[in-house]
Amino acid sequence: EAGVAQSPRYKIIEKRQSVAFWCNPISGHATLYWYQQILGQGPKLLIQFQNNGVVDDSQLPKDRFSAERLKGVDSTLKIQPAKLEDSAVYLCASSYLQGGEQYFGPGTRLTVT
Amino acid sequence: SQQGEEDPQALSIQEGENATMNCSYKTSINNLQWYRQNSGRGLVHLILIRSNEREKHSGRLRVTLDTSKKSSSLLITASRAADTASYFCAPAGGTDKLIFGTGTRLQVFP
């Protein structure tokens, strides 16, 4: 079974630039999550999708972050414009059932200079 | 908050010893999950224990849950160097959203 795929694996941008991350979940998993993990901390949920609908985006900084999952499969997370404090690893995860075990991708390490 | 808080923050042991990590939370939960994160394999789900379960085993892992004390523990028996990682507990409450703590950093020396 293929795991959760993410790209790119690394990205370096300057502040005020924009960046996009892509995630392809495990086939058949209806629930998709985006997390932000700052060095030394645990992952923080940014947004949760159930199929192509948003379940929770309470911690998504909506003035600069956006995410979509148009066909209920893969998803993109965008930051525009980026700030220095956005430097982190962005993790995508999927689960078969909402509230069930989550499978994580390798993450995208973003550095904002 | 629903966030799990792991204790201790760091733990160093020798191979072959047992490692015990604890987790506390503050609200009612549907289940509680434990994850491991290391540089090689990323973040990996270890075990899920439901609110009506008290103990669960998976290989060398043993998880207990005490909902009256709002606490859980993860025991790794006969530790190996490959168990070196950060371990996170993540309580799942009414919305099933997982809120991770800062984790326990386990170092297993050969």
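Going by the structure above, here's the rest.
The rules behind each value
Residues numbered from 1 in each chain as written. Chains lettered and ligands numbered in written order. Predicted model: local features only at pLDDT ≥ 70, side-chain atom pairs only at ≥ 80, totals over all residues. Heavy atoms only, no water. Salt bridge = Lys/Arg side-chain N within 4 Å of Asp/Glu carboxyl O. Helix = DSSP H or I, 4+ residues; strand = E, 2+ residues; numbered from the N terminus. Buried < 20%, exposed > 50% of the residue type's maximum accessible area, 1.4 Å probe, protein only. Pairing = 2+ DSSP bridges. Axes fitted to C-alpha atoms, helices over the stretch in contact; angles between N-to-C directions. Core = buried A, V, L, I, M, F, W, Y, C linked by side-chain atoms within 4.5 Å. Contact = heavy atoms within 4.5 Å. Disulfide = S-S within 2.5 Å.

A word on the pattern of salt bridges
Stage number 1. The tally for this structure, following the rule as stated, stands at 6 salt bridges over all chains.
Stage number 2. Between K97 of chain B and D56 of chain A there is a salt bridge whose closest N-O contact spans 3.2 Å. Taken together, the positions of K97 of chain B in the loop between β9 (85-92) and β10 (104-109) and D56 of chain A in strand β6 (residues 53-56) put the pair across two chains.
Stage number 3. Look at K97 of chain B and you get buried, because its relative accessible area is 13%.
Stage number 4. A salt bridge links R62 of chain B to E55 of chain B; the nearest nitrogen and oxygen atoms lie 3.2 Å apart.
Stage number 5. Relative accessible area serves as the criterion here: at 30%, R62 of chain B is assigned to the partly exposed category.

A word on the environment of A82 of chain B
Stage number 1. Mapped onto the fold, A82 of chain B is located in the loop between β8 (71-76) and β9.
Stage number 2. Separated by 27 residues in sequence, A82 of chain B and F109 of chain B place their C-alpha atoms 9.5 Å apart.

Quick notes on the sheet that holds strand β4 (residues 31-38) of chain B
All names here are of chain B.
Stage number 1. Ordered in space as β2-β10-β9-β4-β5, the 5 strands form an open sheet in which the pairing is mixed. Strands at the two margins of the open sheet, each flanked by one partner only, are β2 (10-14) and β5 (42-50). Averaged over all pairs of adjacent strands, the angle between strand axes in this sheet comes to 25°, irrespective of strand direction.
Stage number 2. For β9 and β10, the ladder comprises 3 bridges, and the chain directions are antiparallel. Residue pairing in the sheet places Y87 in a bridge with T104 of β10.

Quick notes on unusual backbone geometry
Stage number 1. With an omega of -10°, the peptide bond running from S7 of chain A to P8 of chain A counts as cis.
Stage number 2. Secondary-structure assignment places P8 of chain A in the loop between β1 (5-7) and β2 (10-13).
Stage number 3. The backbone phi angle of R16 of chain A is positive, close to 80°, even though this residue is not glycine.
Stage number 4. Its location among the elements puts R16 of chain A in the loop between β2 and β3 (19-24).
Stage number 5. R16 of chain A gets classed as exposed once you look at its relative accessible area, which sits at 65%.
Stage number 6. Here the phi dihedral of K70 of chain B falls at roughly 55°; this positive angle occurs in a residue that is not glycine.
Stage number 7. Position of K70 of chain B among the secondary structure elements: in the loop between β7 (61-66) and β8.

Some thoughts on the pairing of β4 of chain B
Residue and element names in this part refer to chain B.
Stage number 1. By the criterion of burial, β4 is predominantly enclosed, with 8 of the 8 residues buried.
Stage number 2. Of the two faces of β4, the one holding N31, Q33, Y35 and Q37 and the one holding L32, W34, R36 and N38 are both buried throughout.
Stage number 3. As defined by bridge partners, β4 adjoins β5 across 8 bridges and the pair is classed as antiparallel. Note on β5: the bridge partner recorded for N31 is R50.
Stage number 4. Count of turn residues in the β4/β5 antiparallel hairpin: 3 residues.

Quick look at the nonpolar core
Stage number 1. In this structure, M21, L32, W34, L74, I76, Y87 and L106 of chain B are the most contacted members of the largest nonpolar core, which totals 22 residues.
Stage number 2. At the level of elements, β2, β3 (19-24), β4, β5, β7, β8, β9 and β10 of chain B are the ones that each hand at least two residues to this core.
Stage number 3. In contact with L106 of chain B, other than residues within four places in its own chain, are L11, I13, A19, M21, I76, D83, T84, A85 and Y87 of chain B.
Stage number 4. L46, I47, L77 and V112 of chain A belong to the second largest nonpolar core, which has 21 residues in total.

A closer look at the environment of K83 of chain A
Residues and elements named next belong to chain A.
Stage number 1. Along the polypeptide, K83 turns up in the loop between β8 (75-79) and β9 (88-95).
Stage number 2. The partly exposed category is assigned to K83, whose relative accessible area is 37%.
Stage number 3. Considered as a pair, K83 and Q102 are 19 residues apart in the sequence and their alpha carbons are 29 Å apart.
Stage number 4. Those residues within four positions of K83 in sequence are excluded, and the remaining contacts are R64 and V112.

What about the state of the cysteines?
Stage number 1. Evaluated as defined, the whole model comprises 2 disulfides over all chains.
Stage number 2. The disulfide bridge from C23 of chain A ends at C92 of chain A, spanning 1.9 Å between sulfur atoms. Where C23 of chain A bonds to C92 of chain A through sulfur, the torsion about that S-S bond is close to -65°, and the disulfide is left-handed. One end of the pair, C23 of chain A, is in strand β3; the other, C92 of chain A, is in strand β9, with 69 residues separating them in the sequence.
Stage number 3. In this structure C92 of chain A comes out as buried when scored by relative accessible area, which is 0%.
Stage number 4. The partner cysteine of C23 of chain B in its disulfide is C89 of chain B, sulfur to sulfur 2.0 Å. A torsion of 65° about the S-S bond marks the disulfide between C23 of chain B and C89 of chain B as right-handed. Of this pair, C23 of chain B sits in strand β3 while C89 of chain B sits in strand β9; the two residues are 66 residues apart in sequence, bridging distant segments of the chain.
Stage number 5. Relative accessible area serves as the criterion here: at 2%, C23 of chain B is assigned to the buried category.
Stage number 6. Classification of C89 of chain B by relative accessible area gives buried; the value is 0%.

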